[in-house]
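Chain and residue survey
Next come the chains, spelled out residue by residue.
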Amino acid sequence: MPPPSVPREAANHSSHVVQLHDANVQALTSNVASFLVEGLYAGGSAVVIATALHSALFLREIARSGVDADRATRDGRLVLFDAEKTLARIMIGGHPDADRFDQIVGSAIRHLKQATGTHGVRAYGEMVGVLWKAKQFPAAIRLEQLWNRLRTATAFDLFCSYPIDVFDKDFDVGVMDALLCAHTHLLPSGANAMLQDALDRAIGDMHDVRAADRKIQGSVTHEWATLPEPEATILWLRAKHPETADAILDRARAYYQASA
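Not measured: the values here are computed from a predicted model.

Some words on the environment of tryptophan 147
- Tracing the chain through its elements places tryptophan 147 in helix H7 (residues 137-153).
- By relative accessible area, tryptophan 147 is classed as buried at 1%.
- In this structure, tryptophan 147 is in contact with His16, Ile49, Phe101, Val105, Ala123, Met127, Phe156 and Leu158, ignoring residues within four places of it in sequence.

Okay, here's the thing in C-alpha cells:
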C-alpha cells in the first residue's frame, strides 16, 4: 500500500499538521522522513522529539533518501530529543509548564531559526501522542496550545502524531474537536483512495444509511483542520449514524485490510 504524502500546502513555514496512526507506522515513518528531508535539502534545520523506536525508524528512512543524518546531527542541523524524557522535564503537576516548554523546546527552535535564517525550521513532535496514549487528554491539548504559541512567536513548520486508529471509537467528533482545532491539516491515515473505497463499500452494504452529503467538515466548526475525505466520512458516520457506525466501520476495516 503506498503511503500518503504530506500536502505541499501543509509545508509552508506556517503549518501545523497532524497524522493519526495505528500500530502500523509505515505511512507515518514515510511522511515524517519526507517532511524532514525536504527541509534539510532546502538548507534548513529540523528538530525531532520522538520515542527511541520511532526516531530510529525516521533516521533509517532519512538515510534511504540520501541525506547523511549523522552529519546533519553533528552539524547541529538535525536535533533529536527523546519524547518521554523531554515530556518528564516539562511537566508540573500533570500538565505541561509553559516556562519549561519554552526553555527546552522553544530555545532549541529559536537557536536553529537564528542559525538557518530564511531556510526555515521544521519540527516533529510526539509528546502529545504520548500524553494521548496515557489518556491525559487535557494535557495533550495544552501542549498543542504551547506549540501554537511558539509558532506565533517564531515561524516554523510543525508535524505532530497521535496513536489513534480512525476505525476505533476514539476517532469521534466529541473526542477530536479540540485536537482538530489545534492544527491546520489532518494528513490521511492511509492510502486515501483505498480507504474511501472501503468506506463506500461498507456504507453501500447498509441500506439505512444514505451515502450522500457526507462532508462533516464545516457543519460542526470552521476552525477544524482540513480533513481528508475518508476521515471526514468516518466522523460523519460517528456523528450522524452512531447506532450503525461501529458495524459499518468494522466492515470497512476488513475491506481496507483486504485491499492492502
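Read on for the rest.
Quick word on helix H1 (residues 26-41)
- For H1, spanning 16 residues, the distance from its first C-alpha to its last is 22 Å, which sits close to the expected 22 Å at 1.5 Å a residue.
- For H1, the tally of buried residues reaches 12 of 16 residues, placing the bulk of the element in the interior.
- Among all positions in H1, only Ala27, Leu28, Thr29, Ser30, Asn31, Val32, Ala33, Phe35, Leu36, Val37, Gly39 and Leu40 are buried.
- For H1, the elements touching its buried residues are strand S1 (16-20), strand S2 (45-50), helix H2 (52-64), strand S6 (121-125) and strand S7 (157-162).
- Glycine 43, located one to two residues past H1, shows a positive phi value of around 95°.

So, the pattern of salt bridges
- If you walk through the whole model with that rule in mind, you get nine salt bridges.
- A salt bridge links arginine 238 to aspartate 246; the nearest nitrogen and oxygen atoms lie 2.5 Å apart.
- Look at arginine 238 and you get buried, because its relative accessible area is 10%.
- The network of salt bridges with common partners includes Asp165, Asp168 and Arg253.

A word on the nonpolar core
- Core analysis: the largest hydrophobic core is formed by 62 residues, its most contacted members being Met127, Leu143 and Trp147.
- Ranked by residue count, the leading element in this core is H7, at seven residues.
- Setting aside residues up to four positions removed in sequence, leucine 143 forms contacts with Leu87, Ile90, Pro96, Phe101, Met127, Val128 and Leu131.

Brief notes about the packing of helix H9 (residues 192-205) against helix H11 (residues 242-259)
- For the pair H9 and H11, interaxial distance at closest approach is 8 Å and the crossing angle is 135°. Taken together, H9 and H11 sit at an angle that is classed as oblique. In the crossing of H9 with H11, the sense of the turn from one axis to the other is right-handed. Touching Met194, Leu195, Ala198, Leu199, Arg201, Ala202, Ile203 and Asp205 of H9 are Ile248, Leu249, Arg251, Ala252, Tyr255, Tyr256 and Ser259, all from H11.

Reading guide: rules and limits
Residues numbered from 1 in each chain as written. Predicted model: local features only at pLDDT ≥ 70, side-chain atom pairs only at ≥ 80, totals over all residues. Heavy atoms only, no water. Helix = DSSP H or I, 4+ residues; strand = E, 2+ residues; numbered from the N terminus. Buried < 20%, exposed > 50% of the residue type's maximum accessible area, 1.4 Å probe, protein only. Contact = heavy atoms within 4.5 Å. Expected span 1.5 Å × (residues − 1). Salt bridge = Lys/Arg side-chain N within 4 Å of Asp/Glu carboxyl O. Core = buried A, V, L, I, M, F, W, Y, C linked by side-chain atoms within 4.5 Å. Axes fitted to C-alpha atoms, helices over the stretch in contact; angles between N-to-C directions. Parallel < 35°, antiparallel > 145°, perpendicular 65-115°, else oblique. Left-handed = near helix turned anticlockwise from the far one by under 90°.

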